[in-house]
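Residue strings, one per chain:
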Amino acid sequence: MWILFSSKERPTLGGTRIKPRKRNIAAPLDPAAFSDAVVQIYLDNAGDLELVAKSLESSDLNFSRYGDTFFEASSLIFIELSNVVFTGGRTQPGTTKPDEGERHSFSIIDCEPQREAILPSVIYIQKILRRRPFLIKNLENVTRRFLQSLELFEENERKKLAIFTALAFSQKLSGLPPETVFQPLLKDNLVGKGLVLTFVTDFFKEYLVDNSLDDLISILKRGKMEDNLLEFFPSGKRSPEGFSEHFTKEGLTSLVEYNEKKIFEVRLKDMKSAITTQIAEETEMSEVIETVKQRVKEAKLPDTEVVRILWDVLMDAVQWSGKNQQQNANSALRQVKTWAELLNIFCTNGKLELELMYKVQMQCYEDAKLMKLFPEIIRSLYDQDVLAEDTILYWFRKGTNPKGRQTFVKALEPFVKWLEEAEEEE
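Parameters at a glance
- Residues numbered from 1 in each chain as written.
- Predicted model: local features only at pLDDT ≥ 70, side-chain atom pairs only at ≥ 80, totals over all residues.
- Heavy atoms only, no water.
- Phe/Tyr/Trp six-rings, centres within 6.5 Å; stacked < 30°, edge-to-face > 60°.
- Buried < 20%, exposed > 50% of the residue type's maximum accessible area, 1.4 Å probe, protein only.
- Core = buried A, V, L, I, M, F, W, Y, C linked by side-chain atoms within 4.5 Å.
- Contact = heavy atoms within 4.5 Å.
- Axes fitted to C-alpha atoms, helices over the stretch in contact; angles between N-to-C directions.
- Helix = DSSP H or I, 4+ residues; strand = E, 2+ residues; numbered from the N terminus.
- Parallel < 35°, antiparallel > 145°, perpendicular 65-115°, else oblique.
- Left-handed = near helix turned anticlockwise from the far one by under 90°.
- Nonpolar A, V, L, I, M, F, W, Y, C, P; charged D, E, K, R; others polar.
- Expected span 1.5 Å × (residues − 1).
- Polar contact = N/O pair within 3.5 Å; in protein donor to acceptor, adjacent residues only side chain to side chain.
- pLDDT = per-residue confidence, 0-100.
- Salt bridge = Lys/Arg side-chain N within 4 Å of Asp/Glu carboxyl O.

### Structural notes on the packing of aromatic side chains
Thinking step 1. Within the structure shown, the criterion is met by 15 aromatic pairs.
Thinking step 2. Considering the side-chain rings of Phe146 and Phe153, the 5.6 Å spacing of their centres and the 65 degrees angle between planes classify their relative orientation as edge-to-face. Comparing Phe146 with Phe153, the two get one shared label, buried.
Thinking step 3. Ring geometry for Phe203 and Phe204: centres 5.9 Å apart, planes at 70 degrees, overall edge-to-face. Both residues of the pair, Phe203 and Phe204, belong to the buried class.

As structure tokens, this is what we get:
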């Protein structure tokens, strides 16, 4: 005999009602369908990015779900949206090659390699990110993938990517920290083929249209590339001369001048450090002179810079007293006497002697403890045959550096008077 129970009268065991079990069924991921839906929105709006953005905003596409896995590995999902934006449709996993499915012709890769054609896409992506900020990391991942795959693009397509990237920085597009752009480029095969150098050249040229060199240097600093620009060059061209030749040819003379100045500053710093160490270790005079000559030759430093460096190094090595003025005077004059031969070797004419006087003048003007030492230092340099009488008289009568000049001229009057009287007697 069959007994029927209604749904409200189900039997229980042990007096406990059995609850229906809930099943956790995850909806299958379907990147192809997602990509095709986005492509269709492009097609329906004939590539009008304003309308596309509005349609995407009002669509029921699950951006958050696909965004979490946006372009991380070959089979992960949200890459499909990026491909729609950059390449017009689906791409095969791990490549930039077209996959099955409908495509549109309004992507960055399909447009002209000109800022006017690419800028609307940058602004469009910015709007998308403002509405869905969780996609910022996804854009970063996609950019990294494309930059690491430069060899898979045609030359014209690489230029478009460079222009897009430059405009993205100009527009301060979220999701593109500088390290995302520059670090992925440093793959040996990309650098060796010259693809990276071409890309960054196009990037620099486009970015500097609307931005200053200082802005570019700021980006390079944040991307940890300011001191490593030669890493963009193939090994055979990786030299300061190669850098200057390439970017001069490309019309980026401001970047060349910046790099040459930076190299110059590094060489000055290295030379100063080497001489400072030798003086501190009381190295033989002949060895110090040889070091200076070698550094000057290698770095191609102008004579005036050498004179300035030598004076700075010598004075930095003095043990200055905070209170005893006479002790300071004695220490400075002792240093001049000890290293007069070094100064003599490189103060080879009146112009360089005058440069040394200006250097002494500036130091005495800027350092209060040296203010009253100016005439004594000049007298000592004269006694050690570093400064000629004619140089001192020229500075006294026609010197052009105004820093403290009136005070120093007055302080030097007695010595100059003595020189003039000695000159008359002769």
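From this point, the narrative continues.
### Re the nonpolar core
Thinking step 1. Ranked by size, the top nonpolar core spans 54 residues in total, and within it Val292, Leu381 and Trp395 carry the most contacts.
Thinking step 2. Once you skip the residues sitting within four places of it in the chain, Leu381 turns out to touch Trp311, Val336, Leu343, Leu356, Val360, Val386 and Leu387.
Thinking step 3. Counting 38 residues, the second-largest nonpolar core is a separate cluster that includes Leu190, Val196, Met225 and Tyr258.

### Here's the deal with the packing of helix H7 (residues 155–170) against helix H10 (residues 195–210)
Thinking step 1. One way to put it is that H7 packs onto H10 with a least axis distance of 8 Å and a crossing angle of 40 degrees. Relative to H10, the element H7 is oriented oblique. For the pair H7 and H10, the sense of crossing is right-handed. Residues Arg158, Lys159, Leu161, Ala162, Ile163, Thr165, Ala166, Leu167, Phe169 and Ser170 of H7 form the contact with H10, whose own contacting residues are Leu195, Phe199, Asp202, Phe203, Glu206 and Tyr207.
Thinking step 2. Here the residues of the contact of H7 with H10 are counted per class, giving 10 nonpolar, 2 polar and 4 charged.

### Focus on helix H15 (residues 303–316)
Thinking step 1. With 14 residues, H15 extends 20 Å from end C-alpha to end C-alpha; this agrees with the ideal 20 Å at 1.5 Å per step.
Thinking step 2. For H15, the buried fraction is high: 10 of the 14 residues fall into the buried class.
Thinking step 3. If you check which residues of H15 are buried, you get Thr304, Glu305, Val306, Val307, Ile309, Leu310, Trp311, Val313, Leu314 and Met315.
Thinking step 4. Tucked into the core, H15 has its buried residues touching helix H13 (253–280), helix H14 (285–299), helix H16 (325–338), helix H17 (340–346), helix H18 (350–366) and helix H19 (374–383).

### With respect to the environment of Gln278
Thinking step 1. Counting through the fold element by element, Gln278 comes out in helix H13.
Thinking step 2. In sequence terms Gln278 and Val288 are 10 residues apart; their C-alpha atoms lie 6.7 Å from each other.
Thinking step 3. With sequence-adjacent residues up to four places away left out, Gln278 is seen in contact with Thr283, Glu287, Val288 and Thr291.

### Side note on the side chain of Asn141
Thinking step 1. Turning to its location among the elements, Asn141 is positioned in helix H6 (residues 136–147).
Thinking step 2. Overall, Asn141 belongs to the buried group, its relative accessible area being 12%.
Thinking step 3. Among the polar contacts listed, one links the side chain of Asn141 to the side chain of Arg144, at a separation of 3.3 Å.

### As for the confidence of the model for the protein chain
Thinking step 1. With 77% of its residues at a pLDDT of 70 or more, the protein chain has an overall mean of 80.
Thinking step 2. Taken element by element, the protein chain is modelled with least confidence in helix H4 (residues 79–86), mean pLDDT 42, and with most confidence in H10, mean pLDDT 96.
Thinking step 3. With pLDDT under 50 throughout, residues 66–99 is counted as low confidence; its partners more than four residues away or in other chains account for 111 contacts.

### Things to note about the pattern of salt bridges
Thinking step 1. In the structure shown here, the tally under the stated rule is 13 salt bridges.
Thinking step 2. One salt bridge in this structure joins Lys262 and Glu226, with 3.5 Å as the shortest N-O distance. Pair noted here: Lys262 is in helix H13 and Glu226 is in the loop between helix H11 (213–222) and helix H12 (240–249), with a separation of 36 residues, a long-range link.
Thinking step 3. For Arg308, the salt bridge is made with Glu305, and the minimal N-O distance between the two is 2.7 Å. Remark: Glu305 and Arg308 occur in helix H15; sequence separation between them is 3 residues, near one turn of the helix.
Thinking step 4. By relative accessible area, Arg308 is classed as partly exposed at 25%.
Thinking step 5. Salt bridges sharing partners connect three or more residues here, namely Arg115, Glu206 and Asp210.

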